[in-house]
Amino acid sequence: MEARGELRVGFVGAGRMAHGVAQGVVRAGKVNAANILASAPSDRNLGAFQDLGCRTTHCNSEVLQRCTLVFLATKPHLLPEVLQQIAPAVTQDHIIVSVAAGVTLQTLQQLLPAGTKVLRVMPNLPCVVQEGAVVFARGSCAGEQEAALLKSLLSACGLCEETPESYIDIHTGLSGSGVAYVYLFAEALAEGAVKMGMPSALANKIAAQTLLGAAKMILETGEHPAKLRSNVCTPGGTTIHALHELEKGALRATVMNAVEAATMRARELGKR
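Treat the numbers as computed from the prediction; the structure is a model and nothing was measured.

Undergrad: Talk me through the pairing of strand 2 (residues 36–39); I want residue IDs and the actual numbers.
TA: The alternating pattern of strand 2 places Ile36 and Ala38 and Leu37 and Ser39 on opposite faces, both of which are buried. Both strand 1 (residues 9–12) and strand 2 contribute to a ladder of four bridges, which runs parallel. Each bridged residue has a counterpart across the sheet, and for Val12 the counterpart in strand 2 is Ser39. The parallel pair strand 1 and strand 2 is bridged by helix 1 (residues 16–27), and the resulting crossover is right-handed. When strand 2 meets strand 3 (residues 55–57), the two strands line up parallel, connected through three bridges. Within strand 3, the residue paired with Leu37 across the bridge is Arg55. A crossover connection joins strand 2 to the parallel strand 3 through helix 2 (residues 46–52); in handedness this β-α-β unit is right-handed.

Undergrad: Help me get a handle on empty space enclosed by the protein, residues and values and all.
TA: In this approach the atoms are scanned with a rolling probe the size of a water molecule, which exposes any empty space left behind. The final tally for this structure, using the stated rule, is two cavities of 30 Å³ or more. One number sums up the size of the largest cavity: a volume of about 40 Å³. Around the largest cavity sit Phe11, Met17, Ala18, Val21, Phe71, Ala73, Val99 and Pro123, which together line it. The greatest single-element share of the lining of the largest cavity, amounting to three residues, is contributed by helix 1. By volume, the second largest cavity amounts to about 30 Å³. If you go around the second largest cavity, the residues you meet are Val21, Phe71, Val99, Val121, Pro123, Cys127, Val134 and Leu154.

Undergrad: Describe the pattern of salt bridges, listing the residues and the values that go with them.
TA: This model, assessed by the stated rule, comprises 10 salt bridges. Across the salt bridge formed by Arg120 and Glu165, the nearest N and O atoms sit 2.9 Å from each other. With Arg120 in strand 6 (residues 117–122) and Glu165 in the loop between strand 8 (158–162) and helix 7 (166–176), the pair connects residues that are 45 residues apart, well separated along the chain. With its nearest N and O atoms 3.9 Å apart, the salt bridge here joins Lys216 to Glu220. Linking Lys216 with Glu220, this pair stays in helix 9 (residues 200–221), spanning four residues, or about one helical turn. Exposure remark for Glu220: the relative accessible area of 61% places this residue in the exposed category.

Undergrad: Any chance you could break down the layout of surface pockets for me, citing the residues and the numbers?
TA: Approximately 910 Å³ is the volume found for the second largest pocket. Forming the boundary of the second largest pocket are 34 residues, of which Gly15, Ala73, Thr74, Lys75 and Pro76 lie nearest the centre. When contributions to the lining of the second largest pocket are tallied by element, the ones reaching two or more residues are helix 1, helix 4 (79–86) and helix 7. Taken together, the residues of the lining of the second largest pocket sort by class into 17 nonpolar, 13 polar and four charged.

Undergrad: Explain the nonpolar core to me, and be specific about the residues and the numbers.
TA: Judged by nonpolar contacts, the single largest core of 36 residues is most densely connected at Phe11, Ile36 and Phe71. Excluding its chain neighbours within four sequence positions, the residues that come into contact with Phe71 are Val9, Gly10, Phe11, Val12, Val21, Val97, Val99, Leu150 and Leu154. With 24 residues, the next largest nonpolar core counts Val12, Leu37, Val70 and Leu79 among its residues.

Cut-offs applied
All chains use their own residue numbering, which begins from 1 and follows the written sequence. Predicted model: local features are reported for residues with pLDDT of at least 70 only, side-chain atom pairs are reported and counted for 80 or more only, and whole-chain, interface and lining totals are derived from all residues. Water and hydrogen atoms play no part in the side-chain values, which are based on all heavy atoms of the structure. Relative accessibility under 20% of the residue-type maximum defines a buried residue, over 50% an exposed one, and the middle range a partly exposed one, all with a 1.4 Å probe and only protein chains included. We count a stretch as a helix when DSSP gives it H or I for four or more residues in a row; a strand needs E for two or more, and each element gets its number in order from the N terminus. Two strands qualify as a pair provided that DSSP identifies no fewer than 2 bridges between them. Here a crossover is taken to be right-handed if, once the strands point away from the viewer, the path from the first strand over the helix to the second is traced clockwise. The way it works is a 1 Å grid over only the protein atoms, where trapped points that fit a 1.4 Å probe form a cavity and open points with protein on both sides within 12 Å along at least five of seven lines form a pocket, and then any residue with an atom within 4 Å of a point lines it. Grid points are joined across faces, edges and corners, and a volume is the space filled by probe spheres set on the points. Here, a salt bridge means any side-chain nitrogen of Lys or Arg that lies within 4 Å of a carboxyl oxygen of Asp or Glu. We call Asp, Glu, Lys and Arg charged. Ala, Val, Leu, Ile, Met, Phe, Trp, Tyr, Cys and Pro are nonpolar, and the rest, Gly among them, are polar. Among buried residues, those of type Ala, Val, Leu, Ile, Met, Phe, Trp, Tyr and Cys that are joined through side-chain atoms within 4.5 Å constitute a nonpolar core. Here a residue-residue contact requires only that any non-hydrogen atoms of the pair lie within 4.5 Å.

This is a description of form; function is not addressed.
Here is the structure:
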């Protein structure tokens, strides 16, 4: 294993999530940009890596030849073909990290050489602004050293936690898909203000800041959201009247159902 400053990190697949991870680790000083190599079949996504100062290639095998820690960031349906292509270049020194949704550790280990150190990661979109929520699980041959290295790197992208693999699909429903639920709520919040006469641009900005501030209070105070919600309510006040309307609309149950639906869909995709 190279010293941290000399760690060479590769990306097979150069989409937005891969770029977000690369951007996070470079901005945090975890890896030198010149020590990152990304591959993709066309130049379309490689420009963003080049703008960071990273090296690029069209050859997936070159990433394995030059890098020790390699993120597999292709579309899930393309991953088996990519694994077949790179498998001859994988050695016992490599750490292989899959970002592909629904592809299990068991599948990865079956398609790679015996003894390969494999980990599975599920980030979410805010990783691109270093405020993501990431969980990862390790395969049977990945140890504490590999887990610690990956957590150190991905902490540059936001919250990073090691979990059992069974939590990854739940994380997809909670946080991977969950950002879309939050965007929908932010949109509705702002549109309510627009309906009452506030300009759209200002309403969107205030809605976003409201969500940001509320999330920060949950993290920094450690209080349960129900306690913080109760703190905002005064008897007969505006908030309790508004919350009554949300309860009549079954907001709480609907969101719980959404998390369940996304989790179940992630599990279905994993069985394909």
